[in-house]
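The primary structure of each chain is shown beneath.
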Amino acid sequence: MKNNFTMEMAIKAGDILLTEKPFVYVLSSKEKGVRCDNCLQKLKVLKCSGCQFVHYCGRLCQKNAWNEHKWECANLKRVAPKIIPDGARMLAKIINRLGRGDGHSYRAYYSTMSFRMWKDLMSHYPDLKKDVKRMDHFTSLCVVLFEFLQDISLPNTVELMGMYGRMVINSFTILDIDMNSIGTGIYLASSIIDHSCNPNAVATFDGKTINIRAIKDMPLLDWRQIRISYIDLLKTPYDRQTELLENYYFLCECDRCFDETQLKVLHAAKCPNSKCDNPVKIPWRDSCELVRKPSAGTQDDQCNQNGDPTNGHCDIDATNNIEAGPKDLECSACGAKCSEKYVDVFKKAMEFTEMHLLNMKGTSVAYVDVCKFCLEKQEGVLHPLNVMHAQTLDHAFDALIQVQLWETACVYAERLIPCFRFYYGERHPLVGLLHLKYGKILLYKMDLPKALEQLKMSEKILKITHGDRHPLYKEQLLPLLSQAMLEC
């Protein structure tokens, strides 16, 4: 753990606020045999000679991991060829560290004098008991643990459920340099940070080490005011709030969720007047809430993940759940009317896009033809910042890279950049990564001036979000930037 700041020091964007190793972690099973279980790097790996389950890139990583792996090694070998689910492995590691190691006494410092321990993590026990989906998951994990952990006494059900609650509520998704999920870890000190859809800090990873960096200037370091985003922001506030409620049991009421500028464009149509870029509100289905408003009875009880009260916005009418009136079907800026045919085309484009986005949700591969078809239907009727349009462009861009259709990928990248900046903000790892990918394609196509422009934009963002020592910055961005500068 590292934190070189005192409470009185001003914070600049790009400053690293905290560096921390995980309390426990697991490499995702989908990365098994591809990445080292210790350093999480993607390279040639060899199986552990004992369990034949975990993999290491060399003797040094195997040696460094042995103290944590030796108890697991024998258990994995005994239950082979059964595969232990990631959640069960994670919970088993927690049980082992608390039962045999320093788990109960371990202190994770986030400042010189302040620290967090395992007992400080919230388990949300009452919420967990009412969550049918998670209780089913907990029950299934218990069945696995009873078979897997025969060499250690399991805690009683109440204690075990408390451990499970702390695990699911406080886990971080470990990301690789392309911002893809490769594992899960619990970071005690970092768990003090609450959520905001308009964060002032960001969590990035170098292997299994988490780095918390500021992305905005702050007058001083006050951990009560530090915010990261727990979820993907390329969604409606309603969808973000739903995800947070289901996974963390709190209703987000940050200013970003109730931002009128965002609410106006989320499901907006393009103005029929080609010279006007104002979003037009066309209700396209009966129930179309864009944001959840807390009820008056629960507002006082509403808390964020770490128990702090949130700010209410009950006085704001921020839904799109109304019947269409005459003014809803005309542009508020230029007065252009939306014809019945225009409204019908918009509604069909939205319905069609929603269906295919749901079909692509959770899949590892987006379909180029489906994305293109959706974008064709959206053309000329969906506002350029409409969230469904942005999500379709995102899927399409990734799909085009996979099939190496560079020309079309460039077209979509140009349209996707303003969407990413609008939803993620100017300083977000995904925005920097998008500029990097686009710049790399342009460099390949020998469009050198534009490639240099995109790579410089990426450098400006990634230097803040990742720092100039991160592998993404040093090993991927800088060589491309140097090449573009030399060839220009």
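Conventions and cut-offs
- Along every chain, residues carry numbers that run from 1 in the direction the sequence is written.
- Selection of residues for local features in this predicted model requires a pLDDT of at least 70, selection of side-chain atom pairs for listing and counting requires 80 or more, and totals for whole chains, interfaces and linings are taken over all residues.
- Just so you know, side-chain values use all the structure's heavy atoms and leave hydrogens and water out.
- Should DSSP find at least two bridges between two strands, the strands are taken to pair.
- The way it works is that DSSP assigns letters per residue, a run of H or I at least four long becomes a helix, a run of E at least two long becomes a strand, and they are numbered from the N terminus.
- Helix axes are fitted only over the stretch in contact, all axes being lines through C-alpha atoms; the angle between N-to-C directions runs from 0 to 180 degrees.
- Residues are treated as being in contact if the distance between any of their heavy atoms lies within 4.5 Å.
- Each Phe, Tyr or Trp ring, with Trp reduced to its six-membered ring, pairs with another whose centre is within 6.5 Å; inter-plane angles below 30 degrees give stacked pairs, above 60 give edge-to-face pairs, and intermediate values give tilted ones.
- Relative accessibility under 20% of the residue-type maximum defines a buried residue, over 50% an exposed one, and the middle range a partly exposed one, all with a 1.4 Å probe and only protein chains included.
- Here the expected length of a helix is defined as 1.5 Å per residue gap, with one fewer gap than residues.

Per an unreviewed UniProt entry, the chain is named Histone-lysine N-methyltransferase SMYD3, and its organism is Iphiclides podalirius.

What is the right way to look at the sheet that holds strand 7 (residues 171-175) in this model?
Adjacent strands of a sheet pair through backbone hydrogen bonds, lying either parallel or antiparallel. Taking strand neighbours across the sheet as the criterion, the 3 strands line up as 2-8-7 in an open arrangement whose pairing is antiparallel. Each having just a single partner strand, strand 2 (24-27) and strand 7 make up the two edges of the open sheet. Averaged over all neighbouring strand pairs, the angle between strand axes comes to 25°, with direction disregarded. With 5 bridges joining them, strand 7 and strand 8 (residues 181-186) adopt antiparallel strand pairing. Of the residues in strand 8, the one forming a bridge with Phe172 is Gly185. Along the sheet, helix 5 (residues 157-170) makes contact with strand 7 and strand 8, crossing strand 7 at roughly 45°.

Looking at this structure, I do not really get the packing of aromatic side chains. What am I missing?
We describe a pair of aromatic rings using the distance from one ring centre to the other and the angle between the two ring planes. Within this structure, the stated rule accounts for 14 aromatic pairs. Aromatic side chains Phe23 and Tyr106 sit 6.1 Å apart centroid to centroid with 45° between the ring planes, which places their arrangement in the tilted category. Linking Phe23 in the loop between strand 1 (16-20) and strand 2 with Tyr106 in the loop between helix 2 (86-100) and strand 5 (108-109), this pair joins segments that are 83 residues apart in sequence. Overall, Phe23 belongs to the buried group, its relative accessible area being 3%. Given the relative accessible area of 22%, Tyr106 is considered partly exposed. Centroid distance Phe23 to Trp118: 5.6 Å. Interplanar angle 15°. Geometry classified as stacked.

Any chance you could explain the sheet that holds strand 11 (residues 209-214) here in plain terms?
In space, the 3 strands of this open sheet follow the order 1-11-10, with antiparallel pairing throughout. On the outer flanks of this sheet lie strand 1 and strand 10 (201-206), each paired with one strand and no other. Geometrically, the sheet is characterised by an average inter-axis angle of 20° between neighbouring strands, direction not taken into account. The sheet contact formed by strand 1 and strand 11 spans 4 bridges and is antiparallel. Looking across to strand 11, one finds that Ile16 is bridged to Arg213.

Where do I start with helix 1 (residues 59-79) in this structure?
What sets the pattern is the α-helix's 3.6 residues per turn: residues three or four places apart point alike. Spanning 21 residues, helix 1 covers only 25 Å between terminal C-alpha atoms, well under the ideal 30 Å at 1.5 Å per step. Among the residues of helix 1, those classed as buried are Cys61, Ala65, His69, Trp71, Glu72, Cys73, Asn75, Leu76 and Val79. Each element contacted by the buried residues of helix 1 is listed here: strand 4 (55-56), helix 2 and helix 4 (132-148).

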